[in-house]
Structure formats: C-alpha cells, structure tokens
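Structural overview for review
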Amino acid sequence: MFFVMLVLFTINDKANSSEYSSNINILQTYTENPRNNDIYIFENQVVQGVEWRQKFKFKALRKIKVQIQPVLSLYGASDDEILAKSIEESIPNRSPKLGIQLKKKETILSRAVLEKFSASGYRKGFSWKIGRMPIDLSKSWIFRPNDLFGPYGVTQIDRTYKPGVDVGAASYSIGDQSTVSILGIIGYCDYNGKKSNQGSSGKPCPAYSSALTTYTTSLLQNQIDLFIGRLGERNVLGNSIQGDIFSWLAFYFELHSAQYLANSYRYQTSVLGFNIRIFDSLLMQFEYFNNGQGYTNIDSYNKEDNSPQAPKLYLADQYIGIGLNYEMSNQTKLTAQLQANQLDNSRYTLVGLAHEYNINSEITINLGLPSGKKPEESTSYSEFGSYPIFFNINSSFYL
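Residues numbered from 1 in each chain as written. Predicted model: local features only at pLDDT ≥ 70, side-chain atom pairs only at ≥ 80, totals over all residues. Heavy atoms only, no water.

This part is about the environment of Lys162. Counting through the fold element by element, Lys162 comes out in the loop between strand E6 (126-133) and strand E7 (165-174). For Lys162, a relative accessible area of 7% corresponds to the buried category. In this structure, the C-alpha to C-alpha distance between Lys162 and Met133, residues 29 residues apart in sequence, is 8.9 Å. Apart from the residues within four sequence positions on either side, Lys162 is in contact with Lys116, Pro134, Ile135, Asp136, Asp147, Phe149, Gly150, Pro151 and Tyr152. Looking at Lys162, its side chain comes within polar contact range of the main-chain oxygen of Phe149, at 3.2 Å. (Helix = DSSP H or I, 4+ residues; strand = E, 2+ residues; numbered from the N terminus. Buried < 20%, exposed > 50% of the residue type's maximum accessible area, 1.4 Å probe, protein only. Contact = heavy atoms within 4.5 Å. Polar contact = N/O pair within 3.5 Å; in protein donor to acceptor, adjacent residues only side chain to side chain.)

Attention now goes to the environment of Asp147. The topology assignment puts Asp147 in the loop between E6 and E7. By relative accessible area, which is 5% here, Asp147 ends up buried. Apart from residues lying up to four places away in sequence, Asp147 is in contact with Ile135, Asp136, Ser138, Tyr152 and Lys162. In terms of polar contacts, Asp147 uses its side chain to reach the side chain of Lys162, at 2.7 Å.

Here the structure, examined in full by the defined rule, presents 16 aromatic pairs. Judged by centre distance (6.3 Å) and plane angle (40°), the rings of Tyr260 and Tyr267 are tilted. Taking the centre distance of 5.5 Å and the plane angle of 70° together, the rings of Phe384 and Tyr387 count as edge-to-face. The residues Phe384 and Tyr387 share a single accessibility class, namely buried. Pairwise contacts between aromatic rings join Phe143, Phe289, Tyr314, Tyr319, Tyr348, Phe384 and Tyr387 into one cluster. A cation sits over an aromatic face here: Lys162 above Tyr152, 4.9 Å from the ring centre. (Phe/Tyr/Trp six-rings, centres within 6.5 Å; stacked < 30°, edge-to-face > 60°. Lys NZ or Arg CZ within 6 Å of the ring centre and 35° of its normal.)

Attention now moves to the pattern of salt bridges. Evaluation of the coordinates by the stated rule reveals 4 salt bridges. Close ionic contact of Asp166 with Arg132 constitutes a salt bridge, the shortest N to O distance being 2.8 Å. Highlighted residues: Asp166 in strand E7 and Arg132 in strand E6, separated in sequence by 34 residues. Judged on exposure class, the residue Asp166 and its partner Arg132 are both buried. Where Arg144 meets Asp136, a salt bridge forms, and the shortest distance between an N and an O atom there is 2.2 Å. Taken together, the shared-partner salt bridges in this structure form one network comprising Asp136, Arg144, Asp147 and Lys162. (Salt bridge = Lys/Arg side-chain N within 4 Å of Asp/Glu carboxyl O.)

Let us now look at the nonpolar core. Of all hydrophobic cores here, the largest spans 18 residues; its most connected members are Phe143, Phe289, Tyr301, Tyr314, Tyr319, Tyr348 and Phe384. Ignoring sequence-local partners within four residues, the contact set of Tyr348 consists of Thr155, Gln337, Leu338, Gln339, Gly368, Leu369, Pro370, Phe384, Tyr387, Pro388 and Phe390. Ranked by size, the runner-up nonpolar core spans 17 residues in total, among them Met133, Leu137, Leu183 and Leu231. (Core = buried A, V, L, I, M, F, W, Y, C linked by side-chain atoms within 4.5 Å.)

Next up on the list: the side chain of Gln67. With respect to the helices and strands, Gln67 occurs in strand E3 (residues 64-77). Ignoring anything within four residues of it in the chain, the contact list for Gln67 reads Lys55, Phe56, Lys57, Lys116, Phe117 and Ser118.

Right, let's talk about the confidence of the model for the chain for a bit. Here the chain shows a mean pLDDT of 80. Residues at 70 or above account for 74%. Note that pLDDT drops below 50 for residues 195-199; the model gives that stretch 19 contacts with residues more than four away or on any other chain. (pLDDT = per-residue confidence, 0-100.)

Attention now moves to a nonpolar patch on the surface. A cluster of nonpolar side chains, contributed by Ile245, Phe246, Trp248, Leu272, Phe274, Phe286, Tyr288, Ile320 and Ile322, occupies part of the molecular surface with about 760 Å² of accessible area. Elements represented by at least two residues in the nonpolar patch include exactly strand E14 (234-246), strand E16 (266-279), strand E17 (282-290) and strand E18 (318-327). When you line up the elements, Tyr288 lands in strand E17. (Patch = residues over 30% accessible without salt bridge, like charges linked within 9 Å, V, L, I, M, F, W, Y side chains within 5 Å. Areas by Shrake-Rupley, 256 points an atom, 1.4 Å probe, with all protein chains shown as cover.)

What follows deals with the pairing of strand E15 (residues 249-260). Most of E15 is tucked away, with 9 of its 12 residues classed as buried. By the bridge criterion, 12 bridges tie E14 to E15 in an arrangement that is antiparallel. What sits directly across from Phe246, in E15, is Leu249. The turn linking E14 back onto E15 is made up of 2 residues. Summarising the sheet, E15 and E16 pair through 11 bridges and their orientation is antiparallel. Paired with Phe251 across the bridge in E16 is Phe274. Connecting E15 to the next strand, E16, in antiparallel fashion are 5 residues, including Ser264 with a positive phi near 65°. (Pairing = 2+ DSSP bridges.)

Right, here's the structure in full:
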C-alpha cells in the first residue's frame, strides 16, 4: 500500500521526478575453480539473476527531498549452496528488516528490498541526510583502502552500482571550497546479541556502529579529504589528496591508520596512483598498494585467522595495479585492470566491454582471468591462483 500511494503521489506532482531502470544478469559463470575453501569453494557453476530497480524522487513539505529505490530480484543456481554463496543476503551496516524473501524453492530465490531510502534537506549552508545510501570515502580506482562501507569486490570491474548502508549525515559548508560532515553508520547484532557485521537480527549494536567526522577542502588546486572517528571495533584516522601535475598527468594518494580497541593492534594501509592521459580517448592508471593488514609470508595464507584484524579483501601486503579506460567509439568503451600480488607473483586480470545499442540501453561483457599457483599444485598456493575464471553478460535499460 505504501508503494502504491508513493507512485500515485509521484505521478500527480509535476515538480517530482522519477527514474526507471532495470538490470538483467543474462549469464554469470565461474569456471576452472580450484575449490580453495578459504577464497572460493565452488567448482564450475552457473548463477543467473534478474533485477528490477526503480527510483523515485519527490519533495515533501517543500524543503525535504525523499529518494526511494525498491529492488525486486530473482536468482537461480545449480544448487541451493551455490545460491546462498552467490547472493549477498546481508551486507555490513544494513538491517535485513528492509528486505523480504518472497519465495525460495530449491535453487530459485526471489527477494524484495529497499536498496536506497533517504530523506535530505538543505538550508543556508547546512544539509542533512538520513536513511540507506552508499558511502564512499575512497578516491582511487583499483585498490581502495578508504572504501570502508560496502566496498567493491576484488573481481568487480563494473562499479556503477554501490550498495547502500544505514546512515545519518549532517554537513556544513565553509565558504565555497570547504565542507565539514558528521556521519553515523549503524551496526547490527546477530541473533545471540553478539557483534556482527552481517546485521542478521536487525537489532542495532553500538559496539559495531561507526561515527566519523570528515573535512573536505581545496588547497593549491588539490582536493584534500580528512576523516577521523570510530569504525566499528577500531579507531581510525585517514586522508586523501588528488590533483594535477601536468595537463596529461594527475596523482592521487589515500591512506588510513587504525587501532583495534580490544588488543591495541595497529595498522596503516595506503595507495599511491597516477592517471596518465595518453590521448583524448585513452586514460591509464598505475597504482601501488601497501596493505597494512596483509600477510608478509605466503605460509600465513593457510592458517585460520578469524580475528578482527585479519586481512579483508586482499591477503598480501604489497600490490601493483594497472588500469585502462579506452573509448573505442561514442557507444563502446573498454575497461581493463591488472592486479598483481608482489608476495606470491599471482595476478588477476579484469576486462569489461560496454556498448550502448541505443540511448537508453546498454550491454556489458565482463571477464576475469586468474594467474598463479593453484591449491592443488602446491601446499603454498597463491592468492589469485585460487580465484576462478569469471564471465558475465549484463544488460541495463533506463527510462
């Protein structure tokens, strides 16, 4: 009933706007999987899904903007275990109470979820926003140490969509170039009342919630971002800077330092990158990633580490990244990136091809190719050698 009233209100108000989009995951496969239980546990499998997204925007009480994006999803896989692994039923800092499972039968699952739901307002330099929305503090392209909430996956080359988290934010503009903000991100407990980054019970858990203060300014034509606060079980301090060196060369640098409250464990992680404009249609990136939470010994890959300070997205401590963005034509774009682990010499190559076959429709093809020692080849396996070959065809429609 709520959504029916919302649609009617949106249609009848000439000042409101609606955006419609649908996404069809035509084919997604994982092949030649080494079946390493620590990273990927499935052999050659196919997962298919269809998602329908519709975004509503309207004004309430003349000064408050409301945005709602419901998502309907239908997924299928070769067995129920594959299905559970492939679908993120819960994302850190998200309450499951904003989503429902419509139907599950063997290897088919349908869901409905409020992916984005926010209200915002602005008055004389002060703005506020509350609800479910994406939060991204990172400025880099391949390795993103400051992407702290719902981060992009290692194999995710298409980054047009980022999941939202449950957050409240207030900002104040200082002049034309500076802004200070306060963010509060809700963490949730599991059904036993313990801390959990999966939010399985939907009950807020203060010990896993986050509170950050951010400051953005411009200095000598460089953009500078600072943040400090509490990030779940750790205190965190971070910054980023980006700017132009020449007309064809730009740089970016970001890092954060953190200390866990339980055992005073400290780490620092950072990335330094350069954007190089080869010619108008070709842009390349080079990045060096120092992963402060990564292992310095390959033998550490095999140990079970369930501690909070265990490596998250990447296992090792040093990485090199190379990226490419090439506009082949006005309708066709090629994206590629290489991630190289400097500890075990493994690599993962991602290639994405996007083509607009009309003004409102796009099809993308994504391919991921691993290189490195597989678990069956050596007891001391490599990180990316434990990844599968990934292939995906995706189609999007916009109205």
